[in-house]
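Structure at a glance
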Amino acid sequence: MKIRRVKALTKKEFVQMTRDVRSLLGGLFIPLLMIFLYGYALSLDVDRIPTLVLDEDRSPVSREFISRMGDSRYFSIVRYMERQGEIDPALARGEALVAIVVPVGFSARVKLGLPAPVQAVFDGSDSNTATIAIGYLKAVAAGFDMALQEKRLRRAGLKMVDMPLEGRIRVWFNPELKSRNFIVPGLTAVIMMSITCLFTALSVSREKETGTMEQLFATPITSGELLLGKLLPYLALGLVDMALVVGAGVLIFGVPFRGSYLALLLAALIFLTCTLSWGLFISVISKNQLQASQIAMISGLLPSFLLSGFIYPIENMPVVLQAITVIVPARYFVEILKGLFLQGVGLSVLWPQIVALVIYAFVVLNIAGRRFKKRLQS
């Protein structure tokens with residue numbers, strides 16, 4: 001391998017990038033656009049659940065219970081109903097996710113110390129949100145019940161007995177339990193995987209369509225030199241994109257970064273080599289830019305979004321899909337980014353993921369190099 005040839009091809013790629021200003025600006029700003037769209041649109045936080053209320057009892061006790069629900073950050077009362085027949089149409093129209101019905105005699109049963117049922121109707125079309133909302137409602141009801149018991153004991157001149165077990169909960173790494181702190185690092189891996197493999201896939205495919213690739217085949221350049229010369233310019237562009245996306249996550253979305261920026265740079269270099277190598281392999285097996293872009297988007301965006309553990313935990317997937325995630329490089333980069341952003345761990349903890357990315361890059365680069373070698377020899 002001669003450095004002079006690699007340098008010349010790298011310079012050629014940089015010149016070609018600067019000539020195509022629209023593609024260059026797209027490569028720089030599309031990742032930023034994606035992090036803004038996904039960062040603001042995606043949220044796993046379930047709060048301020050739209051709630052309908054039908055208070056048939058209309059007593060101070062029922063109003064206190066309803067007020068306790070509305071004052072919590074979990075429920076937002078959007079409308080008070082007048083009769084039972086309004087509930088089903090309102091839920092069907094999507095006005096709310098839950099309807100609370102306080103029946104007649106609620107306050108009388110509470111004053112007598114009898115069980116006082118409250119009806120809750122949930123929209124189960126979003127099963128995850130409905131399950132969480134049920135837990136929230138049980139917590140609000142338990143708090144209301146504890147307040148009633150304390151009032152009764154005070155009237156009797158007694159006080160509540162302290163529970164023998166006191167739970168002191170401490171949340172590490174994400175103490176505010178903000179889903180954004182979990183989502184943005186994962187989004188970074190998904191965005192970089194889907195964008196950067198498209199860079200090299202379109203670069204080589206474009207040369208095939210314009211005929212300049214055939215001219216390269218006629219030169220003494222080797223497959224390794226061709227791969228390296230194609231990879232280095234887009235590796236630099238990918239690092240710039242990475243810096244922009246990480247900067248947006250830290251400065252705009254407020255996601256804490258507790259790890260080492262040097263460790264992030266090393267991991268990003270290896271991960272981008274993986275994604276760009278995959279793009280080079282796609283460019284070899286594709287006949288034109290359209291086919292290359294389709295393969296790059298399908299093999300880059302979908303696996304990294306669905307099989308990286310970004311949204312869905314890998315351990316909850318079927319065994320077959322868990323096996324497939326082993327060959328998805330975004331899986332390892334998601335773990336690295338979460339470790340660096342939230343946990344503040346270093347390479348001493350993240351080395352298994354780093355090694356997996358190195359193996360992936362080595363294998364894919366070798367496969368792409370062999371395919372290029374066959375083209376050069378044919």
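Anyway, here's the lowdown on the structure attached to this text. Starting afresh in each chain, residues are numbered from 1 along the sequence in its written order. A pLDDT threshold of at least 70 governs which residues receive local features in this predicted model, and a stricter bar of 80 or more applies before side-chain atom pairs are shown or counted, although totals over entire chains, interfaces and linings include all residues. With hydrogens and water excluded, all non-hydrogen atoms of the structure serve as input to the side-chain values.

1. Some details on the overall build of the chain
What counts here: Note on conventions: DSSP H or I runs of at least 4 residues are helices, E runs of at least 2 residues are strands, and numbering of each starts at the N terminus. As defined in this context, the radius of gyration uses C-alpha atoms, and a globule is described by 2.2 Å times the residue total to the power 0.38. Each residue gets one of three labels from its accessible area relative to the maximum for its type: buried under 20%, exposed over 50%, partly exposed in between, using a 1.4 Å probe on protein chains only. Residue contacts are defined here by distance: any two heavy atoms, one from each residue, within 4.5 Å place the two residues in contact. Here, Shrake-Rupley sampling with a 1.4 Å probe gives the accessible areas, and only protein chains in the shown set may cover a residue. For the purpose of charge, His is not counted, nor are the chain termini; Lys and Arg are scored as positive and Asp and Glu as negative. Think of each charge as sitting on NZ of Lys, CZ of Arg, CG of Asp or CD of Glu.
The helix and strand inventory of the chain stands at 14 helices and four strands. Taking 21 Å as the expected radius of gyration for a compact globule of 378 residues, we find that the chain reaches 29 Å, considerably beyond that expectation. Dimensions of the chain, computed from the C-alpha atoms along their principal axes, are close to 95 × 45 × 40 Å. Put simply, the chain has 378 residues, and 44% of those count as buried. For the chain, long-range pairs separated by at least 24 residues make up 78% of all intrachain contacts whose partners lie at least 6 apart in sequence. A total accessible area of about 20,500 Å² is found for the chain, and carbon and sulfur atoms account for 63% of it. Within the chain, one finds 40 positive and 27 negative side-chain charges whose respective centroids are separated by 11 Å.

2. Concerning the packing of helix α7 (residues 179-210) against helix α11 (residues 289-306)
Here is the rule we go by: Only C-alpha atoms enter the line fits that serve as axes; for helices the fit covers just the stretch in contact. Angles between N-to-C directions range over 0 to 180 degrees. If an angle is under 35 degrees, it is roughly parallel; if it is over 145, roughly antiparallel; if it lies from 65 to 115, roughly perpendicular; otherwise it is oblique. It is the rotation of the near helix from the far one that decides the hand of a crossing: anticlockwise by less than a right angle makes it left-handed, clockwise makes it right-handed. Amino acids outside the nonpolar list (Ala, Val, Leu, Ile, Met, Phe, Trp, Tyr, Cys, Pro) and the charged list (Asp, Glu, Lys, Arg) are all regarded as polar, and Gly is one of them.
As a packed pair, α7 and α11 sit with axes 8 Å apart at the nearest point and diverge in direction by 165°. The orientation of α7 with respect to α11, classified from their angle, is roughly antiparallel. When the axes of α7 and α11 are compared, the crossing they make is right-handed. Residue-level inspection shows V190, M193, S194, C197, L198, A201, L202, S205, R206 and E209 of α7 in contact with α11, the latter providing Q289, A292, S293, A296, M297, S299, G300, L301, S304 and F305. Of the residues assigned to the contact of α7 with α11, the class counts are 11 nonpolar, seven polar and two charged.

3. Here we look at the pattern of salt bridges
Our working definition: By definition here, a salt bridge exists when the distance from a side-chain nitrogen of Lys or Arg to a carboxyl oxygen of Asp or Glu is within 4 Å.
In this structure the tally under the stated criterion is seven salt bridges. Taking the shortest distance from any N to any O, the salt bridge between R73 and D47 comes out at 3.6 Å. Remark: D47 occurs in the loop between α2 (21-41) and β1 (49-55) and R73 occurs in the loop between α3 (60-71) and β2 (75-80); sequence separation between them is 26 residues. The closest approach of N and O atoms between R93 and E95, which form a salt bridge, is 2.7 Å.

4. Description of the packing of aromatic side chains
Applicable threshold: The rule is short: rings of Phe, Tyr and Trp, with Trp giving its six-membered ring, pair when the centres are within 6.5 Å, and they are stacked under 30 degrees, edge-to-face over 60, tilted in between.
Tallying each qualifying case throughout the model produces 14 aromatic pairs. Each ring, one from F106 and one from F144, has its centre 6.4 Å from the other, and the planes form 25°; the classification is stacked. Of the two residues, F106 sits in helix α5 (residues 106-111) while F144 sits in helix α6 (residues 127-155), which places them 38 residues apart along the sequence. Taking relative accessible area as the criterion, F106 reaches 4% and is therefore assigned buried. Here the aromatic rings of F305 and F310 are separated by 5.4 Å at their centres, their planes lie at 75°, and the arrangement is edge-to-face. Overall, the relative accessible area of 0% leaves F310 in the buried class. Linked through ring pairs, F36, Y40 and F253 together constitute an aromatic cluster.

5. What about α7?
Heads up, the rule is: Expected helix span is given by 1.5 Å per residue-to-residue step, counting one fewer step than there are residues.
The first and last C-alpha atoms of α7 sit 46 Å apart over 32 residues, in line with the 46 Å expected at 1.5 Å per residue. The element α7 is largely enclosed, with a buried count of 25 among its 32 residues.

6. Here's the deal with a nonpolar patch on the surface
Which entries qualify depends on this criterion: Note that patches include only residues with greater than 30% relative accessible area and no salt bridge, and the join distances are 9 Å for like charges and 5 Å for nonpolar side chains (Val, Leu, Ile, Met, Phe, Trp, Tyr).
Taken together, the side chains of W351, V355, I359, F362, V363 and I367 define a hydrophobic patch exposed on the protein surface, amounting to about 600 Å² of accessible area. Secondary-structure assignment places W351 in helix α14 (residues 347-377). For W351, a relative accessible area of 51% puts it in the exposed group.

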